[in-house]
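Per-entry structural report
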Amino acid sequence: ARAQAMEVDESPEVTYDDIGGLEAQIQEVREAVEEPLVNAEQFDEVGIDPPSGVLLHGPPGTGKTMLARAVANETDATFIKMAGSELVRKFIGEGSRLVRDLFELASEREPAIIFIDEIDAVAAKRTESKTSGDAEVQRTMMQLLSEMDGFEDRGEIRIIAATNRFDMLDRAILRPGRFDRLIEVPEPDAEGRRRILEIHTQDMSLADEVDFEHLAAETDGFSGAELASLATEAGMFAIRDGRTDVRTEDFEEALEKIEEGDQTEGQPVAFY
Ligand code: ATP
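The name given to the protein in an unreviewed UniProt entry is Proteasome-activating nucleotidase, with Halosimplex aquaticum as the source organism. Under the UniProt heading Sequence similarities (unreviewed entry), the entry covering the protein gives this text: "Belongs to the AAA ATPase family."

Once that is clear, we can look at the overall build of the protein. On a plain count of helices and strands, the protein comes out with 12 helices and 6 strands. Residue burial in the protein is summarised as follows: out of 272 residues, 49% are buried. In the protein, the share of contacts with a sequence separation of at least 24, taken over all contacts with a separation of at least 6, comes to 78%. For the protein, the accessible surface area stands at approximately 13500 Å², while carbon and sulfur atoms represent 46% of it.

So, about the site of the ligand. Around the ligand lies a shell of 18 residues, among which G20, G61, K64, T65 and H200 are the nearest. Here G20 contributes a backbone N or O atom positioned 2.9 Å from a nitrogen atom of the ligand. In this structure, an oxygen atom belonging to the ligand sits 2.9 Å away from a main-chain N or O atom of G61. Here the ligand has 640 Å² of accessible area as a free molecule, and 77% of this is covered by the chains. Of all elements in the fold, only α4 (64-74), α9 (190-200) and α11 (224-240) reach the threshold of two or more residues within the shell around the ligand.

This next bit is on α4. Of the residues making up α4, those classed as buried are K64, L67, A68, R69, A70, V71 and A72. Where α4 is buried, its residues meet β1 (6-9), α2 (23-38), β2 (53-57), β3 (78-83), β4 (112-117) and β5 (157-163).

So, on to the UniProt feature "binding site: ATP" (unreviewed entry) in the protein. UniProt annotation of "binding site: ATP" (unreviewed entry) refers to G61, T62, G63, K64, T65, M66 and H200 when read in the numbering used here. Following the sequence through the fold, T62 ends up in the loop between β2 and α4. Excluding residues within four positions of it along the chain, T62 makes contact with L22, V185, P186, E187 and S223. Here P59 takes part through its backbone oxygen, which lies 2.8 Å from a polar atom of the side chain of T62.

Below, the discussion takes up unusual backbone geometry. With an omega dihedral of 0 degrees, the bond running from E110 to P111 counts as a cis peptide bond. Positive phi outside glycine occurs at D76, with the angle close to 50 degrees. Its place among the elements puts D76 in the loop between α4 and β3. For D76, a relative accessible area of 66% corresponds to the exposed category.

As a further point, take the pattern of salt bridges. Within this structure, the stated rule accounts for 16 salt bridges. Residue R69 pairs with E7 through a salt bridge whose shortest N-O separation is 3.1 Å. Remark: E7 occurs in strand β1 and R69 occurs in helix α4; sequence separation between them is 62 residues. Because the salt bridges share partners, they merge into one network encompassing E191, R194, R195 and E198.

Our next topic: the nonpolar core. Core analysis: the biggest nonpolar cluster contains 31 residues, and I119, I173 and F179 have the highest contact counts within it. Among the elements of the structure, β3, α6 (94-108), β4, α7 (120-123), α8 (135-150) and β5 are those that each provide at least two residues to this core. Each residue touching I173, except ones within four places of it in the same chain, is listed here: I119, A123, M141, L145, R178 and F179.

With 7 of 7 residues buried, β5 is to be regarded as a mostly interior element. Judged by which residues are buried, β5 turns out to be covered on both faces: I157, I159, A161 and T163 on one side and R158, I160 and A162 on the other are all buried. Across 5 bridges, the pairing between β2 and β5 is parallel. Considered in β5, the bridge of G53 is made with I159. Bridge analysis of β4 against β5 gives 5 bridges, and the strand direction is parallel. Its bridge partner lying in β5, A112 is registered against I157.

Here we take up the side chain of R193. Turning to its location among the elements, R193 is positioned in helix α9. Those residues in contact with R193 that lie beyond four places of it in its chain are P188, A216, A217, T219, D220, G221, F222 and L227.

Spatially, 6 strands are ordered β1-β3-β4-β5-β2-β6 in an open sheet, and the strand pairing comes out mixed. Both edges of this open sheet fall to β1 and β6 (181-184), since each of them pairs with a single strand only. The average angle at which neighbouring strand axes cross in this sheet is 20 degrees, direction not considered. Taken strand by strand, α2 contacts β2, β4, β5 and β6, and its axis lies near 150 degrees from that of β6. Against the sheet, α4 makes contact with β1, β2, β3, β4 and β5, and its axis sits at roughly 170 degrees relative to β4, the strand it touches most.

Conventions used here
Here, residues in each chain are numbered from 1, in the same order as that chain's written sequence. Totals for whole chains, interfaces and linings use all residues, but because this is a predicted model, local features are given only for residues with pLDDT of at least 70 and pairs of side-chain atoms are given and counted only at 80 or more. Side-chain numbers here rest on the full set of heavy atoms in the structure, without hydrogens or water. UniProt positions are given in the numbering used here, feature names are shortened, and annotations may be inferred rather than shown by experiment. The helix count covers DSSP runs of H or I at least four residues long, the strand count covers runs of E at least two residues long, and both are numbered beginning at the N terminus. In this scheme, a residue with accessible area under 20% of its type's maximum is buried, one over 50% is exposed, and one in between is partly exposed, where area comes from a 1.4 Å probe on protein chains only. By the convention used here, residues are in contact when the closest approach between their heavy atoms is within 4.5 Å. Surface accessibility in these figures is a Shrake-Rupley result with a 1.4 Å probe; residues are shielded only by whichever protein chains are displayed. Any residue with a non-hydrogen atom lying within 4 Å of a molecule or strand is treated as near it. For the purposes of these results, a polar contact is taken to be a pair of N or O atoms within 3.5 Å, where, inside protein, one atom must be able to donate a hydrogen and its partner to accept one; residues adjacent in sequence count only when each atom of the pair is a side-chain atom. The rule for a salt bridge is simple: a side-chain nitrogen of Lys or Arg has to be within 4 Å of a carboxyl oxygen of Asp or Glu. The set of buried Ala, Val, Leu, Ile, Met, Phe, Trp, Tyr and Cys residues whose side-chain atoms join them within 4.5 Å is what this entry labels a nonpolar core. Note on pairing: DSSP must find at least two bridges between two strands before they are called paired. The convention used is that axes are lines fitted to C-alpha atoms, helices contributing only their stretch in contact, and that angles between N-to-C directions extend from 0 to 180 degrees.

Given below as C-alpha cells:
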C-alpha cells in the first residue's frame, strides 16, 4: 500500500536554476527548509525553533512541486511525496495509518523532505467540503498534526505542503508549530514567463529570430506548466513541417492551438 500511495525519490534532479521567476520564493524556501536541515546547530545556538511546516499556496502548475523537489536535491534529502487525496480513504483508520507510514518512512530515510500535495483534501474547513465533515478525514488530519508535533525531536525531516485552494483550509493547520510558514507561489509575471520559456527551450534548436520578450508579452495568464507545453507544442509544429529548427511561426501556431483549446474545452477551472 505504501508504494502505491507515496512517491519516493532518493535523488531528485530538479535544481533551483530550473525554476523560473520565483526568486523570492526560492529564498524563503531556503531559509525555512534548507537552513534548518543543513545548519541545525545554528538554530540551537540562537535558541529558536525553525518553522515546523511550510505551506506553498497558489494556482496550479506554478512550480510548487518543483520547489519542494529542488530543496530536497539541494540538501541531499530523500523526497517523499503524497497526495492529500490519497489520504482520504474509504476504510476506517486507513488515512491515519498512511500518515504514520509516511513519517516512519521519512525517519528511515532521513534527511527527508515530506511533500503533501493537495493538503486541502484532508484539511478543508468543515463547511467547504463534503468529505472534511467526515470524522475519518478529521482523524487523518489530527494524526498529521500530531506527527508534526512529535517530529522535531526526530531529526532531519522537514515537511512541505501545497494547495491551490488556500481559502478552503481549516485555519487550525496554520497555527504556530504547524504549517506556520506560508509562501505564496503566484502565476508568473512577464519577466517570469520569459525566464520559464528560456528554461524550457534550452535544449531546443531555436531559430535566431525567436523573441522571448515578445512571447512573454503574448502569454499573459499562462502558468509555468502551460508555458512548458507551449514550448513542446512549438517543437511539434516544427516536426510536422519537416524542420529541426523551431521558429517564431511555430510558437504562434502553438499559441493559437492552446488558445483554441481553451475555448472549446472552456476556460481552465480556477479554484484559487
Ligand atoms: P499543482 O498545484 O497542479 O500540483 P505545481 O504548482 O506543483 O502544480 P509543478 O508540478 O511544480 O506545479 O509544475 C508542473 C510543471 O510545469 C513542471 O514540471 C515544469 O515543467 C513546469 N513549471 C511550472 N512552474 C514552473 C516554473 N516556475 N519554472 C519552470 N517550470 C515550471
